[in-house]
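Architecture at a glance
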Amino acid sequence: MPEAGERQEERALDAFSARLEYPLDAFQRTACERLEEGRSVLVAAPTGSGKTTVAEFAVYLARRERDARIFYTAPIKALSNQKFRELCDEYGEDEVGLLTGDVNLRSDAPIIVMTTEVLRNMIYAGSDALDDLEFVVLDEVHYLGDRFRGAVWEEIILHLPPAVRLVSLSATVSNAEEFGDWMHAVRGDTDVILSEHRPVPLYQHVLTSRALLPLYVDRAGELATGGRVNPELYALDRRSGSRDSGRDRDRGRGERSRGRPPVRRARRVSRSDIARALDETDLVPAIVFIFSRNGCDQAVRQCLMEGITLTSREERDEIRRIARAEVAGMSDEERRVLGVREWLAGLERGVAAHHAGLLPAFKAVVERLFQRRLVKLVFATETLALGINMPARAVVIERLDKFNGEQRVPLTSGEFTQLTGRAGRRGIDDEGHAVVVWSDEVDLEALAHLAGARSFPVRSSFRPTANMTVNLLQRMDRAHVREMLELSFAQFQADRAVVDQARELRKEQESLAGYDAAASRGQGSDRKRWEDRARKLRRRVERGRRQIASRTGTIARTFDRVVDQLLELGYLEADRESDPNVTPWGNLLRRIYGERDLLIAECIREDAWRGLDAAGLAAMCCVLSYEPRRDDEGEGRLPAGPVFAEAHDRVLDIWVRLDDLAERSRLARSEMPHAGLAMTMHAWATGRPIEQVLEAAGIGAGDFVRWAKQTIDLLDQVAQACEAAVIDDVDAERLGALARLAREAKRGVKRGIVEASSSS
């Protein structure tokens, strides 16, 4: 007979599911039941399949049934803001807080939405907020494979208090079982819930200049979700010559190859053609992914120039009302520099751009109008595919390659799956549609492979950093840190590979024993032949042994090298017989997060920024946080006067010294600081109007706001680190003054559209 508590929990799931407008799928029900049983779950399912329902049940379980606390983490601020609004609507504003890099709202609420880095920082700071925490939702946990930020997810999984249960939501990844095995090893009871099923079937198409053709067809030649590639496309492939080599295609552009007619190139499908085709085939609302911000803006302009209108008069009136309310407080000059007139014109026609270069408030309006089906067509960069709730009936991919900052590279199966996963709105559409735009560059076999792939592997990007090292050594001794790092997913994956390699090595050793036995029995040339085989195999066995030795313990060895580096610099101290201790300067380093943690700490310690005023410090923090989008981006101009130039030189001197030390220590080296927006941030921090700042810089409002927020975040870290050092009585007078200067610089940057965008 079930206990009373069990009956209560059964009623919890029943009560929760009764509130939904759709029945729970099998994977959702299983995951919710496991949560009720007190276990953690890793839910891997396709985009749009309803994974967030499991997270919503965790919130329901925590609040309505147990009066417990829950954190809901997301990888980007836009997703955090969206989830915050949804939970406020459901539970009331008093119950929900928001913590991002630039927003701290109701941090003592029982439900807290936050970016992933905020939770990592809370763990290292030993925050009291973790004391009564029962659940943590890790949305988009497959982001753990991101080479820049992925380590944060591993740090959270490794260091959260053991009693906290995780609700980890992932796209369909091919190694979900491996991922789940690791989580079970480090967190205890964790169940992997897999689903390959899309509740809304996805059909793939190719848009040519003449027609929208199915990518897959059934035996009758009709549209299918998979199977046989449409023979019409192979005929198109041959006609356009897209399977020829790049050299032959180049000849076809301006030179006839000897003895052959020129290659006939397919007519390029324009962006207005895409809009017309989607409208005529009733595939709106749709998202068109263009891997260029400028390309997205140009697409909207082209649609306007060609008179494309996707809205009714009533819809245009409603769009105008919503959008004008957003810009009501702007001056005429601000409206001009922000391109408000063109933005409104596109919205009223049902067409909009969505990318990081747009003002966050503008992006929020586009998202809201698209969700209400007022805007029908959004030209977007790939950032839109990351979790934001903007499901569409169709998704279009303009190209199957993108520029990665250095060169054009093909889309991976993971990227293609994430992008096309937006197609098909559960509860609205019976089917979703993914469309690839045809061009001579399309490789049909590669497209069929991408469209047929339903999953991608997650590979750990974890590596110990200076900040991580001092934080861990503040909490435990060196031996315990090494043991903990051996539990990382990176080491777990390396060890799994070692198991396979060791199995192969064992077979080779058995073969070697057989070769040696045969050589001992043989005579003359036969013996020499066996000895030669044994010698070659012995070399291979020794090479395999060295490879295995190098792969085991790789993370801990990297940690040891970081420790040696920090001992040399004075952030740690130890004699031969004692564990490393964190020094007062190491305590300052504990509060500096990011790729340049050690450089920033050294700049503070060596007083590299001496002489700077508040605007100068803001500009310097921009230099230290800015990342150029392209490797060939020119070096920016520095603020006028010798003081900033001298401080900038001191920063670069420190960077060179640390870079040399990293190379000697066989550690990852950092990119040189880039002054691309130094003068721009200096002008803004001195009070210049936004229109002057943007016109002088030649960048979009969204880009400027993004880097202003990064600058604010670093100024905050500098202020907090220096204030903590003052408490520790470390160079108190100088660091106290620097903390006050950083606060003043922050106030200079956090104003106008930057401040208004903090909640967008």
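Residues numbered from 1 in each chain as written. Predicted model: local features only at pLDDT ≥ 70, side-chain atom pairs only at ≥ 80, totals over all residues. Heavy atoms only, no water.

1. Some remarks on the overall build of the protein
Applied cut-off: For the purposes of this entry, the term helix denotes a DSSP run of H or I that reaches at least four residues, the term strand denotes a run of E that reaches at least two, and both are numbered from the N terminus. As defined in this context, the radius of gyration uses C-alpha atoms, and a globule is described by 2.2 Å times the residue total to the power 0.38. Buried means the residue's accessible area, taken with a 1.4 Å probe over protein chains only, is under 20% of the maximum for its type, while exposed means over 50%, and partly exposed covers the values in between. For this analysis, residues touch if any pair of their heavy atoms sits within 4.5 Å. For the area figures, the Shrake-Rupley method with a 1.4 Å probe applies, and any residue is considered shielded solely by the protein chains shown. Positive charge is attributed to Lys and Arg, negative charge to Asp and Glu, and no charge count is given to His or to the chain ends. Think of each charge as sitting on NZ of Lys, CZ of Arg, CG of Asp or CD of Glu.
Along the protein, the regular secondary structure elements total 31 helices and 21 strands. Over its C-alpha trace the protein gives a radius of gyration of 29 Å, about what one expects of a compact globule, namely 27 Å for 760 residues. By principal-axis analysis of the C-alpha atoms, the protein measures approximately 85 × 80 × 80 Å. Within the protein, buried positions represent 54% of all 760 residues. Of the contacts formed within the protein by residues at least 6 apart in sequence, a portion of 73% connects residues at least 24 apart. Of the accessible surface of the protein, which amounts to about 34700 Å², a share of 45% is contributed by carbon and sulfur atoms. Of note, the protein has its 113 positive side-chain charges centred 6 Å away from the centre of its 124 negative side-chain charges.

2. Structural notes on the sheet that holds strand β7 (residues 165-170)
In plain terms, the rule: Two strands form a pair only when DSSP identifies at least two bridges running between them. Every angle, taken between N-to-C directions, lies between 0 and 180 degrees, and every axis is a line fitted to C-alpha atoms, over only the stretch in contact when it is a helix.
The 8 strands lie next to each other as β4-β3-β5-β2-β6-β7-β1-β8, forming an open sheet whose pairing is mixed. For this open sheet the edge positions go to β4 (104-105) and β8 (190-194), each flanked by a neighbour on one side alone. Against the sheet, helix α2 (residues 26-36) contacts β1 (40-44), β6 (133-138), β7 and β8, and its axis sits at roughly 170° relative to β8. This element, helix α5 (residues 116-125), spans β2 (69-74), β3 (96-99), β5 (111-115) and β6 of the sheet and lies at about 105° to β5.

3. Digging into the packing of aromatic side chains
To keep it simple, the criterion reads: Think of it this way: a Phe, Tyr or Trp ring, Trp meaning its six-membered ring, pairs with another when their centres are within 6.5 Å, and the plane angle makes it stacked under 30 degrees, edge-to-face over 60, tilted otherwise.
Applying the stated criterion across every chain, the model contains 12 aromatic pairs. Relative to tyrosine 60, the ring of phenylalanine 16 has its centre 5.5 Å away and its plane inclined at 50°; by these criteria the two rings are tilted. Pair noted here: phenylalanine 16 is in helix α1 (residues 4-18) and tyrosine 60 is in helix α3 (residues 52-65), with a separation of 44 residues, a long-range link. Residue classification places tyrosine 60 among the buried positions, given a relative accessible area of 6%.

4. With respect to the packing of helix α19 (residues 478-485) against helix α22 (residues 554-569)
Inclusion rule: The cut-offs work like this: below 35 degrees is roughly parallel, past 145 is roughly antiparallel, 65 to 115 is roughly perpendicular, and the gaps in between are oblique. Here a crossing is called left-handed whenever its near helix is offset anticlockwise from the far helix by less than a right angle, and right-handed whenever the offset is clockwise. Residues were grouped as follows: Ala, Val, Leu, Ile, Met, Phe, Trp, Tyr, Cys and Pro as nonpolar; Asp, Glu, Lys and Arg as charged; and all remaining residues, including Gly, as polar.
Where α19 contacts α22, the two axes come as close as 8 Å, and the packing angle between them is 140°. Taken together, the axes of α19 and α22 are oblique relative to one another. For the pair α19 and α22, the crossing hand works out as right-handed. Here Arg478, Val481, Arg482 and Leu485 of α19 lie close against α22, whose contacting residues are Ile555, Ala556, Arg557, Phe559, Asp560, Val563 and Asp564. A class-by-class count of the residues in the contact of α19 with α22 yields 6 nonpolar, no polar and 5 charged.

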